[in-house]
Amino acid sequence: MLIGSDSGIIVEYKGRRVALDPKHDVRADLVFVSHAHTDHMHRASSIGKVLTSKETLRIAEARGFRYPNASHEPDPSLEMIDSGHVLGSKTLLIDDRILYTGDICTRDRAFLKGARLPRCEILMIESTYGKKGFRFPSVEDIVHKANMLIADMYSRGLPVILMGYPFGKAQIITSLFRHWEPLYIYESVARMNSVYRELGVRLGDDHATIVRSKDIDSLKHGPWLMVAPKQSNNSLFVRMMKKHYNAVTVAFTGWALAYWHSRFHDYTLPLSDHCDFYELVQVVNSCKPNKIYTFHGFAEEFASYLRGMGYDAEAIGSKCSKCNILDYI
Ligand SMILES: [Zn+2]
Ligand SMILES: [Zn+2]
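Residues numbered from 1 in each chain as written. Chains lettered and ligands numbered in written order. Predicted model: local features only at pLDDT ≥ 70, side-chain atom pairs only at ≥ 80, totals over all residues. Heavy atoms only, no water.

Student: Any chance you could explain the layout of surface pockets here in plain terms?
Tutor: To find leftover empty space, one rolls a probe the size of a water molecule over the atoms. The calculated volume of the largest pocket comes to roughly 410 Å³. Lining the largest pocket are 20 residues, with Tyr 165, Lys 169, Thr 253, Trp 255 and His 274 sitting closest to its centre. Residues of the lining of the largest pocket, tallied by class, amount to five nonpolar, 10 polar and five charged. Looking at which domains feed residues into the lining of the largest pocket, each of domain 1 (2-134 + 274-315) and domain 2 (139-269) gives three or more. (1 Å grid on protein atoms, 1.4 Å probe; cavity = no way out; pocket = protein on both sides within 12 Å on 5 of 7 lines; lining within 4 Å. Points joined across faces, edges and corners; volume = space filled by probe spheres on them. Nonpolar A, V, L, I, M, F, W, Y, C, P; charged D, E, K, R; others polar. Domains from an automatic or database assignment.)

Right, dumping it as structure tokens:
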């Protein structure tokens, strides 16, 4: 039996309740935390066991989320498999037949390997970019384009700020563009980079200078590269960086393909930590499930596309929203 709830998804099997990425404390025998992005974590009370990877546990702690009852004990009916989304991210295979993806990416990027998922009977799959048309170019193409752009700005004496979400994307960016000098890393990104280092991931940014908010008006003039958290050209930080240094902003996000996104930054490039639409379809085809639930982003659109392919698919939460129960036996 599978139950969908407001605070995530709860799966009941063999008399056990497993909560998947709940946003609040829930009544369950076990809570699974797929990765340390804030939309997948909750403030845990002292009751209930938590299953997560040791990397997620450490990153969560660095982000202010503690899971005192985290368990790494092997459980034969629960298998965590890399989801390729961020460091430590996992999918969960329950009872060898129910697969919950959390957030997934199947392409290799810098130090991260893309996910390889097993066959399953029931697939719960994220659908952030689950709409036809979201097709990301290869990582090599995006990196090449970014390097050309940076080289062009350097030749004009202009500094460049590369932006991404401070946990996950910013570490991929650091690793992919570490060869540029001088290299500045904004403090919130640097903090997370040092957690990655502690967890054994070498980002190659040892030569970088950490920039604290108080130093931003005392940087060098002339070209340099900075890795910073994603923020719009209207933010105080970017306005300062433009006023003082004429800095150019480049944001990395899958939403670069959405027309409404381009106005927030000088340039946007579609480097994503998620599958694009076509990769999501590939995941479904390789898992060969009998039943599919979609969640996140274009959940309705993706479920409807999959139904058109002959799959039994529905968006989680789209049914029985009052009782929050999706009956499945
Ligand atoms: Zn995520
Ligand atoms: Zn997510």
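Student: Teacher, can you tell me more about the coordination of the zinc ion (ligand 2) here?
Tutor: Ideal geometry at a metal gives 109.5 degrees between four tetrahedral donors and either 90 or 180 degrees between six octahedral ones. Around the zinc ion (ligand 2), the donor atoms from the protein are Asp 39 (OD), His 40 (NE2) and Asp 103 (OD), and they sit 2.1 to 2.7 Å away. Site description for the zinc ion (ligand 2): donor spacing in sequence, D-H-x62-D. (Donors = N, O, S within 2.8 Å, 3.2 Å for Na, K, Ca; no water.)

Student: I'm lost on helix H5 (residues 236-245) in this one. Help?
Tutor: In an α-helix there are 3.6 residues to a turn, and that puts residues three or four apart on one side. Buried within H5 we find Phe 237, Val 238, Met 241 and Tyr 245. For H5, the arc enclosing every buried residue in end-on projection is 95 degrees, short of the 170-degree limit, so these residues lie on one face. Along H5, exposed side chains directed more than 90 degrees from the buried face belong to Leu 236 and Lys 243. Residues of H5 that are buried sit in contact with strand S11 (160-164), strand S12 (183-186), strand S14 (225-229) and strand S15 (248-252). (Buried < 20%, exposed > 50% of the residue type's maximum accessible area, 1.4 Å probe, protein only. Helix = DSSP H or I, 4+ residues; strand = E, 2+ residues; numbered from the N terminus. Arc of directions from axis to C-beta. Contact = heavy atoms within 4.5 Å.)

Student: Would you mind showing me how to read the sheet that holds strand S18 (residues 313-315) here?
Tutor: Sheet strands pair by backbone hydrogen bonding; their relative direction is either parallel or antiparallel. Spatially, six strands are ordered S7-S8-S9-S10-S17-S18 in an open sheet, and the strand pairing comes out mixed. Sheet topology places strand S7 (78-82) and S18 at the edges, where each strand pairs with a single neighbour. On average, each strand axis in the sheet is inclined to that of its neighbour by 20 degrees, with strand direction left out of account. As paired elements, strand S8 (residues 90-94) and strand S9 (residues 98-100) share three bridges and run antiparallel to each other. The partner of Ile 94 across the bridge, within S9, is Ile 98. In this fold helix H6 (residues 277-287) packs onto S9, strand S10 (122-126) and strand S17 (291-295), with an angle of close to 170 degrees to the strand it touches most, S10. Running over the sheet, helix H7 (residues 299-308) touches S10, S17 and S18 and is turned about 170 degrees from S18. (Pairing = 2+ DSSP bridges. Axes fitted to C-alpha atoms, helices over the stretch in contact; angles between N-to-C directions.)

Student: What should I look at first to understand H7 in this one?
Tutor: All of the buried residues in H7 are Ala 299, Phe 302, Ala 303 and Leu 306. For H7, the angular spread of buried residues about the axis comes to 100 degrees, placing them on one side. Positive phi appears at Gly 310, one or two residues downstream of H7, with a value of about 100 degrees.

Student: What should I look at first to understand the domain arrangement of the protein in this one?
Tutor: How big an interface is tends to be stated in terms of the accessible area lost upon association of its parts. On domain assignment, one finds that the protein holds domain 1 (2-134 + 274-315) and domain 2 (139-269). Here domain 1 and domain 2 have C-alpha centroids that lie 29 Å from each other. Counting residues at the interface gives 20 residues for domain 1 and 19 residues for domain 2. The tally of links between domain 1 and domain 2 comes to one salt bridge. For the pair domain 1 and domain 2, the number of links is five residue pairs in polar contact (both at pLDDT 80 or more). Its residues placed into classes, the side of domain 1 that touches domain 2 shows 11 nonpolar, three polar and six charged. (Salt bridge = Lys/Arg side-chain N within 4 Å of Asp/Glu carboxyl O. Polar contact = N/O pair within 3.5 Å; in protein donor to acceptor, adjacent residues only side chain to side chain.)

Student: In this structure, what is going on with empty space enclosed by the protein? I would like to understand it.
Tutor: The tally for this structure, following the rule as stated, stands at two cavities of 30 Å³ or more. The space that makes up the second largest cavity amounts to roughly 30 Å³. Along its surface, the second largest cavity is lined by Arg 107, Phe 136, Val 139, Ile 142, Pro 270, Leu 271, Ser 272 and His 274. Classifying every residue of the lining of the second largest cavity gives five nonpolar, two polar and one charged.

Student: Teacher, can you tell me more about the coordination of the zinc ion (ligand 1) here?
Tutor: Protein coordination at the zinc ion (ligand 1) comes from His 35 (NE2), His 37 (ND1), His 85 (NE2) and Asp 103 (OD), with a distance range of 2.2 to 2.3 Å. Binding-site remark: the zinc ion (ligand 1) is held by donors from one chain whose sequence spacing is H-x1-H-x47-H-x17-D.

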